[in-house]
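A closer look at the structure
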Amino acid sequence: GVNEKGLFFDGFATFKLAVKGQAGKDVYQGNLIDKAMSDCGSVAEVISLFENYDLSFLSTAMLMFGDKHGDSVVIEGEHMIRKQGNHQVVTNFYQSRIKPENYHCARFATASQIFDTTPQVDVDVMRRALAATHIERESPTQYSNIYDLSNGKIYLYHFHNYENVVVLDLKEELGKGKRVVEI
C-alpha cells in the first residue's frame, strides 16, 4: 500500500519465529499497519509508532516501509533494520538472524547485485530487478509493483509480464474516492 504522504509498505511471509521483548507493551486494538498508513508520512514516524506496541503479530511475517525521502526499514518483530546506503533489499528470510555472508537466497543476491552495480536506482532498474527475481514455481508471483514516491506514481505489472505496465497516478486515483479495483 501507499498513502498520500509518500509512505509505502509491503509484507513478507516468513517461517514462524517468536517475537521476543514484547512484555509490557500495549497490544494495538485494530490494525497497526492501517494506523501507520493513515497517520504516518515518514519511516521515522512508523518506527516511533511501532516501538510503542506489541509486535507479536509479526511471528510469521515482516514488514517493509519506505518514504518519499528515500528512507526505509524492515520490521522483523523485535528487530528493525534501517536502510544503509542507496537501497535496501528484503526477501522472505530474517536478515537479523543471519550474518550477511551467510545469506543463501538467490533472489536476495540477484537484487543486491543489480542495485550494487547501478549508481542510480530508477524505475527501469527496479523493473529489471523484479523481472530477475520473480517466482514461477509453486506460489508464483501474482503481481509486482514499483512505487515512485517522489512523483506519486505506481507501476503495476501483472503476473510475470514486465514488458507491459499500468502506471497509476496516486493523486488522481485518490481523487476518485474510496473504491476497490481488481488487478
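The structure displayed is predicted, hence computed values, not measured ones.

With that out of the way, let us pick up the sheet that holds strand β3 (residues 72-76). Spatially, four strands are ordered β1-β2-β3-β4 in an open sheet, and the strand pairing comes out antiparallel. Every other strand in the sheet has two partners, leaving β1 (7-13) and β4 (79-82) as the edge strands with one partner each. Ignoring strand direction, the axes of neighbouring strands in this sheet form an average angle of 20°. Bridging between β3 and β4 involves four bridges; their strand directions are antiparallel. Bridge pairing in β4 links I75 to M80. Across the sheet, helix α1 (residues 32-39) is in contact with β1 and β2 (61-67); its angle to β1 comes to roughly 160°.

Attention shifts here to the side chain of T141. Considering the arrangement of structural elements, one finds T141 in the loop between α4 (123-133) and β5 (143-148). Its relative accessible area of 16% is what places T141 among the buried residues. In this view, T141 contacts H134, I135, F159, H160 and Y162; residues no more than four positions away in its chain are not counted.

The subject of this paragraph is the pattern of salt bridges. Should their charged atoms come close, side chains of opposite charge can pair. What the rule picks out here adds up to ten salt bridges. Here D124 ties to R128 by a salt bridge, and the two come within 3.6 Å at their closest N and O atoms. Taken together, the residues span about one helical turn, with D124 and R128 both in helix α4 at a distance of four residues. For D124, a relative accessible area of 38% puts it in the partly exposed group. Among the residues examined, R128 registers a relative accessible area of 38% and is labelled partly exposed. In this structure, R137 engages E138 in a salt bridge whose closest nitrogen and oxygen atoms are separated by 3.6 Å. Residue classification places R137 among the exposed residues on the basis of a relative accessible area of 55%. Judged by relative accessible area, which is 59%, E138 ranks as exposed. Via salt bridges that share partners, D124, R127, R128 and E163 belong to a single interconnected network.

Turning to the pairing of strand β6 (residues 153-158), a few remarks are in order. Two strands pair when backbone bridges link them, and β5 and β6 are joined in this way by six bridges, in the antiparallel orientation. Among the inter-strand pairings, N145 is bridged to a residue of β6, identified as L156. Between the end of β5 and the start of β6, which pair antiparallel, lie four residues, with G152 showing a positive phi angle near 65°. The sheet contact formed by β6 and strand β7 (residues 166-169) spans four bridges and is antiparallel. Counterpart to Y155 in the pairing with β7 is V167.

Cut-offs applied
- Residues numbered from 1 in each chain as written.
- Predicted model: local features only at pLDDT ≥ 70, side-chain atom pairs only at ≥ 80, totals over all residues.
- Heavy atoms only, no water.
- Pairing = 2+ DSSP bridges.
- Helix = DSSP H or I, 4+ residues; strand = E, 2+ residues; numbered from the N terminus.
- Axes fitted to C-alpha atoms, helices over the stretch in contact; angles between N-to-C directions.
- Contact = heavy atoms within 4.5 Å.
- Buried < 20%, exposed > 50% of the residue type's maximum accessible area, 1.4 Å probe, protein only.
- Salt bridge = Lys/Arg side-chain N within 4 Å of Asp/Glu carboxyl O.

The values are spatial; any link to function lies outside them.
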